[in-house]
Amino acid sequence: MRKLVVTHYDNRILQATIQDGRISDLNLSENSTVLGNIYVGKVANIVNNINACFIDYGDRLPCYYSLDDNDIIYADGREHSKLRIGDEVIVQISRDAVKTKNPVGSSELTLRGDYCVVHTGSQIGVSNKISSKKQREDLKTIARETLPENLGCIIRTNASEADPNLLKQELNELGGRLQQIIRNAATRKCFSCLYRNPPEYIENITFMGSHKIDEFITDDEEVYNAFRDYTEKRHIDFIASSLHTDTSCPLSAIYNLNKEVECALKERVWLKSGAYLIIQQTEAMVVVDVNTGKAISGKDMDQHMLKVNTEAAIETCRQLRLRNLSGIIVIDFINMKNPDYILKIRDILINELANDPVPAKYVDITKLGLIELTRKKLKRPLHEMISKR
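Residues numbered from 1 in each chain as written. Predicted model: local features only at pLDDT ≥ 70, side-chain atom pairs only at ≥ 80, totals over all residues. Heavy atoms only, no water.

Student: Would you mind going over the side chain of Asp 302 with me for this structure?
Tutor: Examined against the element boundaries, Asp 302 turns out to sit in helix H7 (residues 301–323). Buried and unpaired, Asp 302 has Lys 337 as its nearest opposite-charge partner, separated by 7.1 Å. Apart from the residues lying within four places of it in its own chain, the contact partners of Asp 302 are Asn 335, Met 336, Lys 337, Asn 338 and Tyr 341. (Helix = DSSP H or I, 4+ residues; strand = E, 2+ residues; numbered from the N terminus. Buried < 20%, exposed > 50% of the residue type's maximum accessible area, 1.4 Å probe, protein only. Lys, Arg positive; Asp, Glu negative; His and termini not counted. Salt bridge = Lys/Arg side-chain N within 4 Å of Asp/Glu carboxyl O. Contact = heavy atoms within 4.5 Å.)

Student: Where do I start with the pattern of salt bridges in this structure?
Tutor: Pairing is possible between side chains of opposite charge, provided their charged atoms come close. Scanning the entire structure with this criterion turns up eleven salt bridges. Between Arg 22 and Glu 315 there is a salt bridge whose closest N-O contact spans 2.9 Å. A residue pair is termed long-range when its members are at least 10 positions apart, and Arg 22 in strand S3 (residues 22–28) and Glu 315 in helix H7 qualify at 293 residues. With relative accessibility at 6%, the residue Glu 315 sits in the buried group. Measuring nitrogen to oxygen at the nearest pair gives 3.8 Å for the salt bridge that ties Arg 84 to Asp 87. Given the relative accessible area of 51%, Arg 84 is considered exposed. Connected via shared salt-bridge partners are Arg 22, Glu 260, Glu 315 and Arg 318.

Student: Sorry, what's going on with helix H8 (residues 339–354) here?
Tutor: Note that an α-helix has 3.6 residues per turn; residues three or four places apart therefore point the same way. For H8, built from 16 residues, the straight-helix expectation of 22 Å at 1.5 Å per residue is met to within 8% by its first-to-last C-alpha distance of 23 Å. Those residues of H8 lying buried are Tyr 341, Ile 345, Leu 349 and Leu 353. Projected onto a plane normal to the axis of H8, the buried residues spread over an arc of 115° and lie on a single side. (Expected span 1.5 Å × (residues − 1). Arc of directions from axis to C-beta.)

Student: Could you clarify how one ought to interpret the sheet that holds strand S1 (residues 2–9) in this entry?
Tutor: Taken together, the five strands give an open sheet; going across it, the order is S3-S2-S1-S14-S15, and neighbouring strands pair in mixed fashion. Pairing within the sheet leaves two strands with one partner each, and these edge strands are S3 and strand S15 (240–243). Averaged over neighbouring strand pairs, the angle between their axes works out to 15° when direction is ignored. Across four bridges, the pairing between S1 and strand S14 (residues 215–218) is parallel. Its bridge partner lying in S14, Lys 3 is registered against Glu 215. The strands touched by helix H4 (residues 221–233) are S1, strand S2 (12–19), S14 and S15; relative to S15, the strand with the most contacts, the crossing angle is about 155°. (Pairing = 2+ DSSP bridges. Axes fitted to C-alpha atoms, helices over the stretch in contact; angles between N-to-C directions.)

Student: Could you clarify how one ought to interpret unusual backbone geometry in this entry?
Tutor: Negative phi characterises most residues that are not glycine, and trans characterises most peptide bonds. Not every positive phi belongs to a glycine, and Asn 11 is a case in point at roughly 65°. Checked against the element boundaries, Asn 11 lands in the loop between S1 and S2. You can call Asn 11 exposed: its relative accessible area is 71%. A positive phi angle is found at Phe 191, which is not glycine, with a value near 75°. Examined against the element boundaries, Phe 191 turns out to sit in the loop between helix H2 (164–184) and strand S13 (193–195). The exposure class assigned to Phe 191 is partly exposed, which follows from its relative accessible area of 36%.

Student: Would you mind going over the pairing of S3 with me for this structure?
Tutor: A regular strand carries its side chains on alternate faces of the sheet. Of all seven residues making up S3, six are buried, and the element is well covered by its neighbours. Relative to S3, S2 is paired through six bridges, and the arrangement is antiparallel. Its bridge partner lying in S3, Gln 15 is registered against Asn 27.

Student: Would you mind going over the environment of Tyr 57 with me for this structure?
Tutor: Residue position: Tyr 57 is located in the loop between strand S5 (52–56) and strand S6 (63–66). Expressed as a C-alpha distance, the spacing of Tyr 57 and Lys 344, which sit 287 residues apart in the sequence, is 48 Å. Once residues lying within four places of it in the same chain are set aside, the contact partners of Tyr 57 are Val 34, Tyr 39, Gly 41, Pro 62, Cys 63, Ile 93, Pro 103 and Phe 191. Of note is the side chain of Tyr 57, whose polar atom sits 3.4 Å from the side chain of Asp 59. (Polar contact = N/O pair within 3.5 Å; in protein donor to acceptor, adjacent residues only side chain to side chain.)

Student: Please clarify how the pairing of strand S12 (residues 151–155) should be interpreted in this entry.
Tutor: Of all the five residues making up S12, four are buried; the element is thus mostly covered by neighbouring parts of the structure. Pairing analysis gives five bridges linking strand S10 (residues 116–120) to S12, with the strands arranged antiparallel. Within S12, the residue paired with Val 118 across the bridge is Cys 153. Examined bridge by bridge, strand S11 (residues 124–126) and S12 share three bridges and lie parallel to one another. By the bridge assignment for S12, Val 126 is matched with Ile 155. For the handedness criterion, the β-α-β arrangement of S11, helix H1 (residues 133–146) and S12 is classed as left-handed. (Right-handed = clockwise from strand over helix to strand, strands pointing away.)

Student: It is not clear to me how the packing of aromatic side chains should be interpreted in this structure. Could you clarify?
Tutor: Note on aromatic pairs: each is described by the distance of the centres and the angle between the planes. Scanning the model with the defined rule gives four aromatic pairs in all. Considering the side-chain rings of Tyr 39 and Tyr 57, the 4.9 Å spacing of their centres and the 45° angle between planes classify their relative orientation as tilted. Placement of the pair is Tyr 39 in strand S4 (residues 38–47) and Tyr 57 in the loop between S5 and S6, with a sequence separation of 18 residues. A single burial state applies to Tyr 39 and to Tyr 57, both of which are buried. Here the aromatic rings of Trp 270 and Tyr 276 are separated by 4.9 Å at their centres, their planes lie at 55°, and the arrangement is tilted. We classify Tyr 276 as buried; its relative accessible area is 15%. Against the face of Tyr 276 rests Arg 268, its NZ or CZ located 4.1 Å from the ring centre. When the ring centre of Trp 270 is taken as origin, the NZ or CZ atom of Lys 294, which lies over that ring, is 5.2 Å away. (Phe/Tyr/Trp six-rings, centres within 6.5 Å; stacked < 30°, edge-to-face > 60°. Lys NZ or Arg CZ within 6 Å of the ring centre and 35° of its normal.)

Listed below in structure tokens is the structure:
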């Protein structure tokens, strides 16, 4: 049972995903976010030694744009040529500004749906979580026959159980919308916003996949109406929705959200076993240290440490999502002599990270016994969102 709760915290919209009675994700909406928006931008500067440029799209900071990975889409529709300062191009913000780093832009334009992500380019991919070779080929065939030649897509895991007609309908809708966005650029002024992402509480439903949400509840009537419009347009009738109107007992109190946010800002996280995590974010990486604390056992110490490390591994992955921590993550688990136990912890991490809607993966175990993970940077971590006020 997964529930999405949307309420207010510090005059901003707070979203909390509750799974099996426990909060698994927190997201605080930022009014200033431009993530996912598509603009007509102007090349402000070209930096040849890093093969990149900076594109002004009308916001305070220009976006960083790598020339290695992008097929440039010129706003006037002309064919690819050498990029020059002053050229107007179509750019989508793929990562928000983080601390002193500029936002990141891309000319691989994408629109996300429940069953697929349609993008510029001809490649068609299928989620690795769909293991059946026949089903993968069938889904690719549907995409090839439905999308225009100049567009591709990534078929999401949700499509494996979806009616093929719904997938075709979404491919047609997103493909047509993306083509229209590109066509509109030729008649729009520089710095125009060609596409604006829906509100974050709606975007997060699409990001996680609406099939993974069983219930939606909010105490904000505007949010509730926006959600109803979203579900009606997409013919989603399997999510129970409700508007909480009891002001004497707000949602933040019912689900203890204020305390959850406060705990997600602390360095120390206590575990049920009596052990605890120390989570510290540096400029270069996130460091997690597992400490035994009060978790002391008698006879089979290695077996006991396995239980503590198992609890720590699951909680670490949860904390990464709650705090929206990303980049390089290094975890120092309690030492265990049995190499099979270490592999068990590795498998637990791989399994937990697979459920993270943000791309995250297990990397390796270092010679010093530290475990390395990575998690894609998309938005500011929770502590930066709050301290920004």
